[in-house]
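# Observations on chain architecture
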Amino acid sequence: GCGVVGLAAAVLGAREVLLTDQAYCVENLKGNADRLQNKVAELGRVCGKVEVSELDWARPDAAVGPFDLVLGSDVVWLPELVPLLV
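Please read all numbers here as calculations on a predicted model, not as lab measurements.

### A word on the overall build of the protein chain
Regarding its fold elements, the protein chain presents three helices and two strands. Scanning the protein chain from its N terminus toward the C terminus, one meets helices and strands in the order α-β-α-β-α. Its C-alpha atoms put the protein chain at 45 × 25 × 20 Å along the principal axes. For the protein chain, restricting intrachain contacts to residue pairs at least 6 apart in sequence, the fraction spanning at least 24 positions comes to 64%. Carbon and sulfur atoms form 56% of the exposed surface of the protein chain, whose accessible area is close to 6,300 Å².

Dropping the structure here:
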C-alpha cells in the first residue's frame, strides 16, 4: 500500500491519520509519510500528524481505534480478504 488516501486526508485537514496495511507494506507507508511531511514543511505548510502501523484483519487482537472516520482504498485486492471485511 502507498497510503495515498490517508496522506490526502492529512493534507486536507485531518488532525491525525493512521495508515495501516499488511506487514510487508509498512516500510513503504513510512517512507511515503516521511516524504509528505518533508515536502509540506519545505512548502511552509502544515498537515496532520501521520502514523503508520501494521494491521492484519485475520488477527482480531490487532484492533485499533476508536476513530471518527475510516477511509479505505483497494482493501479487497486479494480474494481471501473479502470474508474478513464482511
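### Some remarks on a nonpolar patch on the surface
Together, Trp-57, Val-76, Val-82, Leu-84, Leu-85 and Val-86 give the surface a local cluster of nonpolar side chains, amounting to about 530 Å² of exposed area. Position of Val-86 relative to the elements: it lies in the segment after helix H3 (82-85). Given the relative accessible area of 82%, Val-86 is considered exposed.

### Some words on helix H2 (residues 26-42)
Its 17 residues give H2 an end-to-end C-alpha distance of 24 Å, which sits within 8% of 24 Å, the value for a rise of 1.5 Å per residue. Where H2 is buried, its residues meet helix H1 (4-11), strand S1 (16-21) and strand S2 (49-54). Among the residues trailing H2, Gly-44 stands out with phi positive, at a value near 75 degrees.

### Observations concerning the side chain of Asp-56
Tracing the sequence through the fold places Asp-56 in the loop between S2 and H3. No salt bridge is formed by the buried Asp-56, whose closest oppositely charged neighbour, Arg-59, lies at an N-O distance of 4.9 Å. Here the side chain of Asp-56 touches Ala-58 through a polar contact of 2.9 Å, landing on its backbone nitrogen.

### Some remarks on the pattern of salt bridges
Working definition: two side chains of opposite charge can pair if their charged atoms are close together. Applying the stated rule across the entire model yields four salt bridges. Of the charged contacts, one joins Glu-27 and Lys-30 as a salt bridge, the two residues approaching to 3.8 Å between their closest N and O atoms. Separated by three residues within a single helix, Glu-27 and Lys-30 lie in helix H2, roughly one turn from each other. Judged by relative accessible area, which is 58%, Glu-27 ranks as exposed. Among the salt bridges present, the one from Glu-42 reaches Lys-39, with a minimum N-O distance of 3.0 Å. You can see Glu-42 and its partner Lys-39 sitting in helix H2, three residues apart, about one turn around the helix.

### Observations regarding the pairing of S1
Burial of S1 is one-sided: the residues Val-17, Leu-19 and Asp-21 facing one way are buried, the residues Glu-16, Leu-18 and Thr-20 facing the other way are not. Across six bridges, S1 lies against S2 in parallel orientation. Within S2, the position partnered with Leu-18 by the bridge is Glu-51. Note that the unit made of S1, H2 and S2 has a crossover that is right-handed.

Reading the values: rules and limits
Residues numbered from 1 in each chain as written. Predicted model: local features only at pLDDT ≥ 70, side-chain atom pairs only at ≥ 80, totals over all residues. Heavy atoms only, no water. Helix = DSSP H or I, 4+ residues; strand = E, 2+ residues; numbered from the N terminus. Contact = heavy atoms within 4.5 Å. Areas by Shrake-Rupley, 256 points an atom, 1.4 Å probe, with all protein chains shown as cover. Patch = residues over 30% accessible without salt bridge, like charges linked within 9 Å, V, L, I, M, F, W, Y side chains within 5 Å. Salt bridge = Lys/Arg side-chain N within 4 Å of Asp/Glu carboxyl O. Buried < 20%, exposed > 50% of the residue type's maximum accessible area, 1.4 Å probe, protein only. Expected span 1.5 Å × (residues − 1). Lys, Arg positive; Asp, Glu negative; His and termini not counted. Polar contact = N/O pair within 3.5 Å; in protein donor to acceptor, adjacent residues only side chain to side chain. Pairing = 2+ DSSP bridges. Right-handed = clockwise from strand over helix to strand, strands pointing away.

Everything listed is a geometric property; what it means functionally is a separate question.
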